[in-house]
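Summary of structural features
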Amino acid sequence: MTVRSGRRRAARSLLLVYCLFSIYAAYVVLFRGSGAARGQRAAQRRDRHRGSTLPWQKLEARDLETEQKDEWNPWEEDDRAENARQQEAHLHGFQKHILQTRPKQVQIWGKAAIGLYLWHHILGGQLSPGDVAAQWRQGELNDGNLHFSFYTGPAVVPGHIPLDAESLVLVLNGREEGKIMFATQWLQYVQTLLQTHKLQHVAVVLLGNEQCNNQWIEPYLKKHGGP
């Protein structure tokens, strides 16, 4: 029993010494080794900076930046690609937000009396000047995301209206032959604006003939091959 106990104590002592040695070796490798490496790099920097007139803080900062650049990052390319994707997604989101929130410009050209009814009583807009005999009258109003501009009067003629919208509502009178000829001139002018891409969307509000003889406008309608 005494011999066995002595062997056990010896084995335990050897195991304890082995564990202590392993811990010390790990300490040397992990801590003292890195500290020695840092000390070696610091000594190398001092050798490089010997004789330099720059402050030591600037020299240390420059060397630290150089060391960080020299360190290889295996995920660097993936990080750059991910950052680029995120920036592109943010840009698309911002552009979409601008398009959704930007007011849509709509012009209304009133070349018939029902245009005044549309503007005053349906849309609730006002005109300036207030004189009904004025040669040129116009008004503006906002409704949600839409900004309407209304123009009417004898001086409102093709080619003399400030076109700052892609959408147009044209109010015409087609009750009789003389009015139809006048309305056709406006439709031809608007057709040219569509063909030259100065307008994208056009709607017509027409005061038609009581006998429904309104076939003259069909060539200008999209479903009949018009613009």
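One structure accompanies this document, and this report is about it. Worth saying up front: this structure is predicted, and the values here are computed from it rather than measured. (Residues numbered from 1 in each chain as written. Predicted model: local features only at pLDDT ≥ 70, side-chain atom pairs only at ≥ 80, totals over all residues. Heavy atoms only, no water.)

Here we look at the sheet that holds strand β3 (residues 146-152)
The criterion, for reference: The pairing criterion for strands is at least two bridges between them, as found by DSSP. Elements are defined by DSSP. Helices are runs of H or I of four residues or more, strands are runs of E of two residues or more, and each kind is numbered from the N terminus. Axis angles are defined between N-to-C directions and span 0 to 180 degrees, where every axis is a line fitted to C-alpha atoms and, for a helix, only to the segment in contact. Whether two residues touch is decided by their heavy atoms; if any such pair falls within 4.5 Å, the residues are in contact.
Ordered in space as β2-β3-β1-β4-β5, the 5 strands form an open sheet in which the pairing is mixed. Only two strands of the sheet have a single neighbouring strand rather than two, namely β2 (137-143) and β5 (201-207). Within the sheet, the average angular offset between the axes of one strand and its neighbour, ignoring direction, is 15°. As paired elements, strand β4 (residues 167-173) and β5 share 7 bridges and run parallel to each other. Along β5, the bridge assignment pairs Leu168 with Val202. Seen against the sheet, helix α5 (residues 177-195) touches β1 (104-110), β4 and β5 and runs at an angle of roughly 165° to β4.

Comments concerning the side chain of His147
What counts here: Polar contacts, as counted here, are pairs of nitrogen or oxygen atoms within 3.5 Å of one another; within protein the pair requires one atom able to donate a hydrogen and one able to accept it, and residues that are adjacent in sequence qualify only if both atoms are side-chain atoms.
Following the sequence through the fold, His147 ends up in strand β3. For His147, the side chain forms a polar contact with the side chain of Glu140, separated by 3.5 Å. Among the polar contacts listed, one links the side chain of His147 to the side chain of Asn142, at a separation of 2.5 Å. Discounting residues that sit within four places of it in the chain, His147 has contacts with Pro103, Lys104, Gln105, Val106, Glu140, Leu141 and Asn142.

Here we look at helix α4 (residues 113-122)
Note the following rule: Burial classes follow relative accessibility: with a 1.4 Å probe on protein chains only, a residue under 20% of its type's maximum area counts as buried, one over 50% as exposed, and anything between as partly exposed. This arc corresponds to the set of directions leading from the helix axis out to the C-beta atoms.
Where α4 is concerned, the buried positions are Gly115, Leu118 and Trp119. For α4, the arc enclosing every buried residue in end-on projection is 85°, short of the 170-degree limit, so these residues lie on one face. Opposite the buried face of α4, at more than 90 degrees from it, the exposed residues are Ala113, Tyr117 and His121. Structurally, α4 contributes buried residues whose contacts are with β1, β2, β3 and β4. Backbone geometry just downstream of α4 places Gly124 in the positive-phi region, at approximately 75°.

Observations regarding the nonpolar core
Note the threshold: For the purposes of this section, nonpolar cores are sets of buried Ala, Val, Leu, Ile, Met, Phe, Trp, Tyr and Cys residues that join through side-chain atoms within 4.5 Å.
Formed by 17 residues in total, the largest nonpolar core has its most connected members in Trp109, Leu170, Trp186 and Val190. Among the elements that take part in this core, α5 stands out by supplying 7 residues, more than any other. Apart from residues lying up to four places away in sequence, Trp186 is in contact with Trp109, Lys111, Val156, Val157, Pro158, Ile161, Leu170 and Leu172.

Describing the packing of aromatic side chains
Worth spelling out the cut-off: Here the aromatic set is Phe, Tyr and Trp, taking the six-membered ring for Trp, and pairing holds for ring centres within 6.5 Å; pairs whose planes are under 30 degrees apart are stacked, those over 60 apart are edge-to-face, and all others are tilted.
On inspection of all chains with the given rule, the structure shows 5 aromatic pairs. For the ring pair Trp119 and Phe150, a centre distance of 5.0 Å and an interplane angle of 15° mean the geometry is stacked. A residue pair is termed long-range when its members are at least 10 positions apart, and Trp119 in helix α4 and Phe150 in strand β3 qualify at 31 residues. Look at Phe150 and you get buried, because its relative accessible area is 0%. Taking the centre distance of 6.3 Å and the plane angle of 80° together, the rings of Trp186 and Tyr189 count as edge-to-face. Of this pair, Trp186 and Tyr189 both sit in helix α5, separated by 3 residues, roughly a single helical turn. Of the residues examined, Trp186 reaches a relative accessible area of 1% and is grouped as buried.

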